[in-house]
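Fold and geometry: a report
Take a look at the letters that make up each chain.
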Amino acid sequence: MRYKLPLDYNGSAYRGSQRQSGGQRTVQGDLEEAVAKLVPRDVAPTVVFAGRTDAGVHASGAVAHVDLERTDKHGAPLPPFTEAALLNALNHHLGERIGVASVRCVPASFHARYSASMRTYVYQIRCAAADAEAAGEEVRRVDACRSLLRRGWLSPLDSHRVFVVDAPLDVAAMRAAAAVLLGTHDFTSFRAASCGAKSPVRDLVELSVLEEAPTALAALQGECQRHLAIRVRAKSFLQNQVRYLVATLLQAGQGQITADGVAQLLAARDNRRAPTLAPAHGLYLARVEYPEASYVASTAPPPPAADEDDSDAEGPPAKRQAVT
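Anyway, here's the lowdown on the structure attached to this text. (Residues numbered from 1 in each chain as written. Predicted model: local features only at pLDDT ≥ 70, side-chain atom pairs only at ≥ 80, totals over all residues. Heavy atoms only, no water.)

**Section: the overall build of the protein**
- Within the protein, the secondary structure is distributed over seven helices and eleven strands.
- The proportion of buried residues among the 324 residues of the protein is 50%.
- When the accessible surface of the protein is totalled, it reaches about 15,700 Å², and 51% of it is carbon and sulfur. (Helix = DSSP H or I, 4+ residues; strand = E, 2+ residues; numbered from the N terminus. Buried < 20%, exposed > 50% of the residue type's maximum accessible area, 1.4 Å probe, protein only. Areas by Shrake-Rupley, 256 points an atom, 1.4 Å probe, with all protein chains shown as cover.)

Written as structure tokens, this is what we have:
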């Protein structure tokens, strides 16, 4: 039986999602160890992920699949795990940094990587509030907050979960830069030098800069930071593409590059001109989408390997969403 496993994980303790040599701790390694406890000792199940994430990157909507054959201790076949039983068993054996959100029985033709039609990443940012017009105690409070930010201060509750910028960000400028990057382009300037994808062309369906309301707890603590999120959605991505896009928008927000400058960077098709990569700990794989047809058994041959270095499959361009 093949099972689809939507899952969340805190990536701060992992060297990425995919198993690596040298005994490095990975999400795949921990998940496969949990699955192995549910099958005979001579069976080594392989968990297949929808996409790869770098060391330190989190997930709030990753997807994997695994094939399991349930037997007794003598190898005699038993009825397959029910969805509820497998969900409870996996979460019992997993540590606190990974959680399986649900389990769904799917046909053998379903593939976590190749069947995916869209992927969404979200990058979480905290920056100083721009409140120069405030007066009295409010000014002192905001200045104190900026002073803390300049020293790299962040609440331990957000440690390794968001990226802190020690100055206000111009959200309008970030959105103007995002508009330049939306759509189908050659993203050579926004991928790692080691990227092995044959084609650097990708279609960004969404690139949004959103301002989020602070949590109730943050508001009670005298919140004086802005909570921003950059949301990126596409069929597939090049290696490190999302973090280079975020780094560019952060430069725009700090007045280091204009929308015209972003257009020039895009047209240069030169990854040596890319900005410093945005840190991994602010990034989340937030959602992987699948067409309903992928849940229907099919006898069609499996799709060819993806032309890309980050495990995401390619596909036709989708309808674009306006920058917000």
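After that view, the rundown keeps rolling.
**Quick notes on helix 6 (residues 241–253)**
- Helix length check: helix 6 (13 residues) gives 19 Å between terminal C-alpha atoms against 18 Å at 1.5 Å per residue, within 8%.
- A large share of helix 6 lies buried, amounting to twelve of its 13 residues.
- Turning to helix 6, its buried residues number three or more, namely Gln241, Val242, Arg243, Tyr244, Leu245, Val246, Ala247, Thr248, Leu249, Leu250, Ala252 and Gly253.
- Directly after helix 6, the chain includes Gly255, whose backbone phi takes a positive value near 75°. (Expected span 1.5 Å × (residues − 1).)

**Considerations on the side chain of Asn240**
- Tracing the backbone shows Asn240 in the loop between strand 10 (225–234) and helix 6.
- Of the residues examined, Asn240 reaches a relative accessible area of 13% and is grouped as buried.
- A distance of 2.7 Å separates a polar atom in the side chain of Asn240 from a polar atom in the side chain of Asp54. (Polar contact = N/O pair within 3.5 Å; in protein donor to acceptor, adjacent residues only side chain to side chain.)

**Overview of the packing of aromatic side chains**
- Under the defined criterion, the tally for this structure stands at five aromatic pairs.
- Taking 6.4 Å as the distance between ring centres and 70° as the angle between the ring planes, the aromatic pair formed by Tyr123 and Phe163 counts as edge-to-face. Taken as a pair, Tyr123 in strand 6 (residues 118–128) and Phe163 in strand 7 (residues 163–165) lie far apart in primary sequence, 40 residues in all. Just as Tyr123 is buried, Phe163 falls in that class too.
- Ring geometry for Phe187 against Phe190: centres 6.0 Å apart, planes inclined by 75°, an arrangement best described as edge-to-face. (Phe/Tyr/Trp six-rings, centres within 6.5 Å; stacked < 30°, edge-to-face > 60°.)

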